[in-house]
Amino acid sequence: ASVLKVGSNLHLMGTYGAGNAGQSLFIQRMSNPWTLSGSRVRLSSPTLSWERQTHPVNEGPEPLYHNGKVMVVYSASACWGPDYKLGLLTLTGTDPLNPAHWTKKSTPVFQRSDTNSVFAPGHNGFFKSPDGTEDWIVYHANDSAGGGCDMNRSTRAQKFTWNADGTPNFGTPVRLGVALTAPSGEPR
C-alpha cells in the first residue's frame, strides 16, 4: 500500500484480488495518517491487453506529483513473467475517489528491453537527488526472460525526465553493469 495526498486529504491505495479475475487497484480516504474512513473504491482494473500478459494484474500503486499534476504509477501484468511493466493513471478531475476522474494511459510507460537484457521492470518508487534537481525511479527487474518473482530480481535506479504534457518519461531500463552518474548533489 501507499499513501496519496490530494490537497489536504490522504488516501490509502493498495491492491486486492485473486484468481483468474486478477488484481485491481483500490483507494480509500484516510481521516488521519493511521485511520481509514469511508468505503474502498476500485480505482483501476487490468482491462488493457498489456496489463493482462501472463496474468491480469494492476498492483503496487505509487503516487507521483509534478507541477500540480497528481499521478499514480502502477505495475501491470504478472511479475513472474517477463512482461511485468509500469502503467500511469492521471487525476484529470477533482475527486480521487471517483474512478471517472482518472485517466489511464493506453500504453505502458516503462517496460522490458530485450536489447538491454532487462525483463519485468516494475514495482517502483521515486526519489529526488540530494540537491533536489533530479527525479529518479527505483524498481526491480530480471536480467533474463526466464526470471520470476523471486530472489533473482535486482533493485535498480535511474534518472528520468518529464514530457511536455507533464507526465514522466522513464526512458528505457538500463542494462546491469552500466555505470550511471550518481544523483546530483550526492557526495563523491
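Let us look at the structure shown here. What you see is a predicted model; the values in this text were computed from it and never measured.

1. Some remarks on the pairing of strand S7 (residues 69-76)
Then, in step 1: Within S7, 7 of the 8 residues are buried, which leaves it mostly tucked inside the rest of the structure.
Then, in step 2: Looking at chain direction, S7 and strand S8 (residues 85-91) are connected through 6 bridges and run antiparallel. Residue pairing for S8: Tyr74 is matched across the bridge by Gly87.

2. Quick word on the packing of aromatic side chains
Then, in step 1: Overall, the coordinates contain 8 aromatic pairs when judged by the stated rule.
Then, in step 2: Relative to Phe170, the ring of Phe160 lies with its centre 4.9 Å away and its plane at 65°, an arrangement referred to as edge-to-face. Of this pair, Phe160 sits in strand S12 (residues 154-162) while Phe170 is found in the segment after strand S13 (168-169), placing the two residues 10 residues apart along the sequence.
Then, in step 3: Taking relative accessible area as the criterion, Phe170 reaches 2% and is therefore assigned buried.
Then, in step 4: Taken together through their ring pairs, the aromatic side chains of Phe110, Phe126, Tyr139, Phe160, Trp162 and Phe170 make up a single cluster.
Then, in step 5: Over the face of the ring belonging to Tyr16 we find Arg40, whose NZ or CZ atom lies 4.7 Å from the ring centre.

3. Side note on the pairing of strand S11 (residues 135-142)
Then, in step 1: Among the 8 residues in S11, 7 count as buried, and that is most of the element.
Then, in step 2: Relative to S11, strand S10 (residues 119-128) is paired through 6 bridges, and the arrangement is antiparallel. From the neighbouring strand, Phe119 faces S11, where its bridge partner is Asn142.
Then, in step 3: What sits between S10 and S11 in their antiparallel hairpin is a turn of 6 residues, with Gly132 showing a positive phi close to 80°.
Then, in step 4: As paired elements, S11 and S12 share 7 bridges and run antiparallel to each other. Looking at the pairing, Ile137 lines up with Gln158 of S12.

4. Some details on the side chain of Glu59
Then, in step 1: Following the sequence through the fold, Glu59 ends up in strand S6 (residues 58-66).
Then, in step 2: In this structure, Glu59 is buried with no salt-bridge partner, the nearest side chain bearing the opposite charge being Arg153 at 6.8 Å.
Then, in step 3: Engagement of the side chain of Glu59 in a polar contact is seen with the side chain of Gln23, the distance being 3.1 Å.
Then, in step 4: Not counting the four nearest positions on each side in its chain, Glu59 is found in contact with Thr15, Gln23, Leu25, Tyr74, Ser75 and Tyr84.

How each quantity is defined
- Residues numbered from 1 in each chain as written.
- Predicted model: local features only at pLDDT ≥ 70, side-chain atom pairs only at ≥ 80, totals over all residues.
- Heavy atoms only, no water.
- Buried < 20%, exposed > 50% of the residue type's maximum accessible area, 1.4 Å probe, protein only.
- Helix = DSSP H or I, 4+ residues; strand = E, 2+ residues; numbered from the N terminus.
- Pairing = 2+ DSSP bridges.
- Phe/Tyr/Trp six-rings, centres within 6.5 Å; stacked < 30°, edge-to-face > 60°.
- Lys NZ or Arg CZ within 6 Å of the ring centre and 35° of its normal.
- Lys, Arg positive; Asp, Glu negative; His and termini not counted.
- Salt bridge = Lys/Arg side-chain N within 4 Å of Asp/Glu carboxyl O.
- Polar contact = N/O pair within 3.5 Å; in protein donor to acceptor, adjacent residues only side chain to side chain.
- Contact = heavy atoms within 4.5 Å.

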